[in-house]
Amino acid sequence: MTDFDYDVAIIGAGTAGMSAYREALKYSDRVVMIDGGPLGTTCARVGCMPSKLLIAAAEARHRAESVGLFGLRAGPVEVDGVQVMNRVRAERDHFVSFATEAIAGFAPGGLLREQARFVDDNRLELASGKQISARSIVIATGSRPVVPAGLEPAGDRLIFNDQLFDWTDLPSSVAVFGTGAIGLELGQALHRLGVRTHIYGRGGSVGPLTDPDVAAYAAAQFSSEIPIDWMAADASVARDGDAVIVRSAGGEERFDYLLAAAGRRANVDNLGLENTSLTLDAHGVPTYDHLSMRASYSDIFIAGDSAVDLSLLHEAADEGRVAGENAARYPHSYRRARRTPLTIVFTDPQIAIAGRSHADLLRDRMDFAIGEVSFEDQGRARILGLNRGLLRVYGDRPSGLLLGAEIFGPAAEHLAHLLAWSIESRLTVAELLERPFYHPVIEEGLRTALRHLNHHLGFGPNPPLRCIDCGPGG
Ligand SMILES: Cc1cc2nc3c(=O)[nH]c(=O)nc-3n(C[C@H](O)[C@H](O)[C@H](O)COP(=O)(O)OP(=O)(O)OC[C@H]3O[C@@H](n4cnc5c(N)ncnc54)[C@H](O)[C@@H]3O)c2cc1C
Ligand SMILES: NC(=O)c1ccc[n+]([C@@H]2O[C@H](COP(=O)([O-])OP(=O)(O)OC[C@H]3O[C@@H](n4cnc5c(N)ncnc54)[C@H](O)[C@@H]3O)[C@@H](O)[C@H]2O)c1
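Just so it is clear, the structure is predicted and the values come from calculations on it, not from any experiment.

Teacher, can you tell me more about the overall build of the chain here?
Of the regular secondary structure elements, the chain holds 13 helices and 22 strands. At 24 Å, the chain has a C-alpha radius of gyration in line with the 23 Å of a compact globule built from 474 residues. A buried classification covers 51% of the 474 residues belonging to the chain. Nonlocal contacts in the chain, meaning residues at least 24 apart in sequence, comprise 66% of its contacts between residues at least 6 apart. Approximately 21,200 Å² of the chain is accessible, and the part contributed by carbon and sulfur atoms is 53%.

So this is what it looks like as structure tokens:
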């Protein structure tokens, strides 16, 4: 018997919290989840799903308007902003219902609808003043957008992803601050839906890309389509009536809204962590072991965006599972190997990183070689009119193992999965080249890059400029 009210208490009913809850229940039925905010998860409510719905509408319009390439005439495609946003919101609500139905199926009393704060390592105070105790506690409180200094003058015209998906119509103009995943995905989608969009960056980052060649290629492609200032650190913001005015070295422009997409911060600042034994890093996030999700050698675990290590859905789910298992088994907690890193940004062309990024390899002082392919002359990509892109693969010189890849190009979401699965299976570049490749497919482009890499690793000959054994444009 235990003196605690629960074996495990989980703060946050998002993706990480729900994973933790399901996992902990395998070991104990004395598990509680606490959430004081809107249910349905960040991913379904204001993140992955509604953003991809908006992007889908933008891509449909873009495809329809690009048919001239094939000798077809479709005429201009009219955008009905009300209908676009109706579908985004209706499908978003459908996805949210998956999460809320899952929660409704949890055991009675399994979810307390309140905000929670730590009183000490094993006690939480709820917003109602009630206190509960647990042998171990999981922090799965997610993250929220950073509010960059200097954007305040935009007032109620300063919005974040949270507000955008509640629009009932498309506005006529939006300034997007940030060239990360959110800024590029939403900025390009709004632009393609006919919203006058200008993206303002800082520092020149192109989504998560770290390979300077891939990043430079991608930046040039985005710039050829959308007005983007990659280095607009000098941009200032003012308000004039309903309009937001952005002044930068490039000039002055008026917008209906300013969308800030300048990164996210962990929701750990209002958790009373000062009342615990946890050691906090410079951002106020508890230090933790990435394989056990145990925070600062305590009986507290952390998962998902609140750990802000990799703010991605599948990482939040994996971390939640490990944190939930270990919290329930505590003090017998185990380390669990992480999956191969995988990041995809749903721009067009897509951006993806599989395995270790270029920056990771430099940081870890790896002895690596590079192979690359341009998609500009790649057979299948040219057939489809999608021949823009650059893919670079990295291999380990001593072993010939595939280490990672950075991609900007067609079907990057699929290529990145193939590559991540191959890295996870510890395949060498030479072994991967023994796999079958059909013709004509986008994967033949990947094979060209792998052949270059294999040659640079010293495991094979340099492939001829245009692939001969696989038909034209391989
Ligand atoms: C616009 C956008 C697009 C994205 N697109 C993708 C994508 O395409 N692919 C991808 O993999 N990832 C994407 N992400 C990232 C992904 O959405 C997140 O990594 C993931 O949703 C994080 O889940 P979580 O469980 O950590 O947090 P959440 O789902 O935010 O859950 C945290 C919960 O904690 C609760 N909470 C917070 N504080 C307290 C407290 N003190 N007491 C009680 N409850 C509390 C909140 O109410 C919330 O319900 C996107 C994110 C955004 C913003
Ligand atoms: N497809 C996906 O998987 C996907 C999509 C969207 C978001 N996400 C997740 O959400 C996280 C947050 O996304 P994000 O795009 O907000 O953050 P981010 O960290 O990816 O990018 C933030 C960007 O804002 C810029 N910036 C910072 N301050 C600025 C300022 N004052 N003015 C202009 N630019 C400024 C930075 O230079 C950077 O380019 C991502 O890191 C990612 O993990 C994933």
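How should I be thinking about the pairing of strand β14 (residues 251-255) in this particular structure?
Two elements, strand β13 (residues 243-248) and β14, share five bridges in a ladder whose sense is antiparallel. Counterpart to S248 in the pairing with β14 is G251.

Where do I start with the nonpolar core in this structure?
Buried together is how nonpolar side chains tend to be arranged in soluble globular proteins. Core analysis: the largest hydrophobic core is formed by 50 residues, its most contacted members being I10, F118, L124, I132, V138 and I139. The residues contacting V138, other than those within four sequence positions of it, are V8, A9, I10, I11, A20, F301, A323 and A327. Ranked by size, the runner-up nonpolar core spans 38 residues in total, among them V84, V88, V206 and L259.

Please clarify how the layout of surface pockets should be interpreted in this entry.
In this approach the atoms are scanned with a rolling probe the size of a water molecule, which exposes any empty space left behind. Considered as a void within the structure, the second largest pocket measures approximately 570 Å³ in volume. Counting only elements with at least two residues in the lining of the second largest pocket, the list comes to α3 (48-65) and α11 (412-424). By residue number, the principal contributor to the lining of the second largest pocket is α3, which donates three residues. When grouped by side-chain class, the residues that make up the lining of the second largest pocket number nine nonpolar, eight polar and six charged.

It is not clear to me how the site of ligand 1 should be interpreted in this structure. Could you clarify?
Residues in close proximity to ligand 1 total 36 residues, the closest being D35, T42, K52, D305 and L313. Take S311: an N or O atom from its main chain is 3.4 Å from an oxygen atom of ligand 1. Looking at the shell around ligand 1, the elements with two or more residues in it are α1 (15-25), α2 (42-46), α3 and α8 (313-329). Residues that form the shell around ligand 1 fall into these classes: 16 nonpolar, 15 polar and five charged.

Just to check I follow, could you spell out the side chain of T197 for this structure?
With respect to the helices and strands, T197 occurs in strand β10 (residues 196-200). A distance of 3.4 Å separates a polar atom in the side chain of T197 from the backbone nitrogen of H191. Of the polar contacts made by the side chain of T197, one reaches the backbone oxygen of V195; its length is 2.8 Å. Discounting chain neighbours no more than four positions away, the residues touching T197 are V174, V176, G187, L190, H191, I226 and P227.

The rules behind each value
- Residues numbered from 1 in each chain as written.
- Chains lettered and ligands numbered in written order.
- Predicted model: local features only at pLDDT ≥ 70, side-chain atom pairs only at ≥ 80, totals over all residues.
- Heavy atoms only, no water.
- Helix = DSSP H or I, 4+ residues; strand = E, 2+ residues; numbered from the N terminus.
- Rg over C-alpha atoms; globule rule 2.2 N^0.38 Å.
- Buried < 20%, exposed > 50% of the residue type's maximum accessible area, 1.4 Å probe, protein only.
- Contact = heavy atoms within 4.5 Å.
- Areas by Shrake-Rupley, 256 points an atom, 1.4 Å probe, with all protein chains shown as cover.
- Pairing = 2+ DSSP bridges.
- Core = buried A, V, L, I, M, F, W, Y, C linked by side-chain atoms within 4.5 Å.
- 1 Å grid on protein atoms, 1.4 Å probe; cavity = no way out; pocket = protein on both sides within 12 Å on 5 of 7 lines; lining within 4 Å.
- Points joined across faces, edges and corners; volume = space filled by probe spheres on them.
- Nonpolar A, V, L, I, M, F, W, Y, C, P; charged D, E, K, R; others polar.
- Near = heavy atom within 4 Å.
- Polar contact = N/O pair within 3.5 Å; in protein donor to acceptor, adjacent residues only side chain to side chain.

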